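# Examining the three-dimensional arrangement
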Amino acid sequence: MTTKTTSRGAATLPLNTVLAGDCVAQMRKLPDESVDLVFADPPYNLQLRGDLMRPDNSRVDAVDDDWDSFASFKTYDAFTRAWLKQARRVLKPGGAIWVIGSYHNVFRLGAELQNQGFWILNDVVWRKSNPMPNFRGKRLTNAHETLIWASKSEGAKYTFNYEALKALNEGVQMRSDWVLPICTGGERLKDENGQKAHPTQKPESLLHRVLLGTTNPGDVVLDPFFGTGTTGAVAKAMGRDFIGIEREASYRKVAKARLARVQPYDAEALQVSTSKRAEPRVAFGVLVERGMLRPGEVLHSLGGRHKARVRADGTLVSSEAKGSIHQVGAQLEGAPSCNGWTYWHFKRDGVAVPIDLLRQQVRAEMAEG
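Residues numbered from 1 in each chain as written. Predicted model: local features only at pLDDT ≥ 70, side-chain atom pairs only at ≥ 80, totals over all residues. Heavy atoms only, no water.

Side-chain alternation along strand β11 (residues 298-301) places L299 and S301 on a buried face and V298 and H300 on a face that remains uncovered. Relative to strand β12 (residues 307-310), β11 runs antiparallel, the two sharing 3 bridges. Its bridge partner lying in β12, L299 is registered against A308. Linking β11 to β12, which pair antiparallel, is a turn of 5 residues; within it G303 sits at a positive phi near 95 degrees. Bridge analysis of β11 against strand β15 (residues 344-348) gives 2 bridges, and the strand direction is antiparallel. Residue pairing for β15: H300 is matched across the bridge by H345. (Buried < 20%, exposed > 50% of the residue type's maximum accessible area, 1.4 Å probe, protein only. Helix = DSSP H or I, 4+ residues; strand = E, 2+ residues; numbered from the N terminus. Pairing = 2+ DSSP bridges.)

Written out as structure tokens, the structure reads:
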């Protein structure tokens, strides 16, 4: 276990460990505004009545554990209210929460999120590409679960790596319907008897998408219903810190063994796509100051029709115009605007090179610093 002193200096966070016990009691021990993201997969309160059988009369391994049993909706709502209150307290002002549920509980979760002041950003439909059939044939096959993503309050800042999710989706804006398989095969953890270690183990692909899109390396992710540790495993691999809370000893045992096997990705592999607006601003004058372009050097327009000279103050002058790289380009082309970084080129060894290449070199040096 590692610890991290909070900004208040007194309390520490039990990072990268699994806390044993009730989630509300354990969250009460965490300092205010100390975590960046909460991912919660609470009990669904399935209200199962009797065994669920397949057509061949074999029994389905359904969720019938004590932790998913509540005496009434009122009891479940009180439980939801208690853990969400603590989750909101420990979130940083710019933090966010994800909760996942089925039709049994997600509407109650959504209402309580709003009651407590969270601001819902999206609901995401996780459409399972391989759902369990409806064996009784009396309802539609339940082929999806719903995730709710919310900031701590209306107008609060939150992390959203838009370009990274777009890149993950082959250059197309990520939508709010995610087609991912349920946890099967080698990823499905088994206990010492060869049985499922947890009935509702979530696939790592789901957590990868959540953490990639809404956290950054070094962020602290809290999972108050840790189970067999999917959130922790993905967080560790992706360079995030985690805090897990789990009351069931059997799940903690499996989770700890799982986490011990996880190898973090290297720092370079964790770098993600960012928007141009997120990149540090570099003025054209910086290139002149640093001698990358010299006063008096001639720049040529895209296509070579126009030319202008660099001045010591980072402006350009031609026979027809003077001003910034953007202003001169626009005037020469008779256009309302111009991206001077891609319009102007300099010559190196007889080859025309866009000045934007020099800007990218400066940005790379800034990132290294």
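Bringing the environment of R175 into the picture now. By secondary structure assignment, the location of R175 is in the loop between α4 (162-168) and β8 (177-180). Residue R175 is classed as exposed on the basis of its relative accessible area, which comes to 58%. Remark: the alpha-carbon pair of R175 and L165, spanning 10 residues in sequence, is separated by 9.5 Å. Side-chain polar atoms of R175 contact the side chain of D177, separated by 2.9 Å. (Polar contact = N/O pair within 3.5 Å; in protein donor to acceptor, adjacent residues only side chain to side chain.)

What follows concerns the environment of N161. Within the secondary structure, N161 is located in the loop between β7 (144-151) and α4. Under the relative-accessibility criterion, N161 is labelled buried at 14%. For the pair N161 and L212, spaced 51 residues apart in sequence, the C-alpha separation works out to 7.2 Å. Here N161 is in contact with L212, G213, T214, T215 and N216, once residues within four sequence places are set aside. A polar side-chain atom of N161 sits 2.9 Å from the main-chain carbonyl oxygen of L212. At 3.4 Å, the side chain of N161 and the side chain of N216 are in polar contact. (Contact = heavy atoms within 4.5 Å.)

As a further point, take the sheet that holds strand β6 (residues 119-128). The strand order across the open sheet formed by 8 strands is β3-β10-β9-β4-β5-β7-β6-β8, and the pairing between neighbours is mixed. At either margin of the open sheet sits one strand with a lone partner, and together these are β3 (17-20) and β8. Strand-to-strand twist in this sheet, taken as the mean axis angle between neighbours without regard to direction, amounts to 20 degrees. Where β3 and strand β10 (residues 241-246) come together, 4 bridges link them in parallel fashion. Within β10, the residue paired with V18 across the bridge is G244. (Axes fitted to C-alpha atoms, helices over the stretch in contact; angles between N-to-C directions.)

In short, geometric facts, not functional conclusions.
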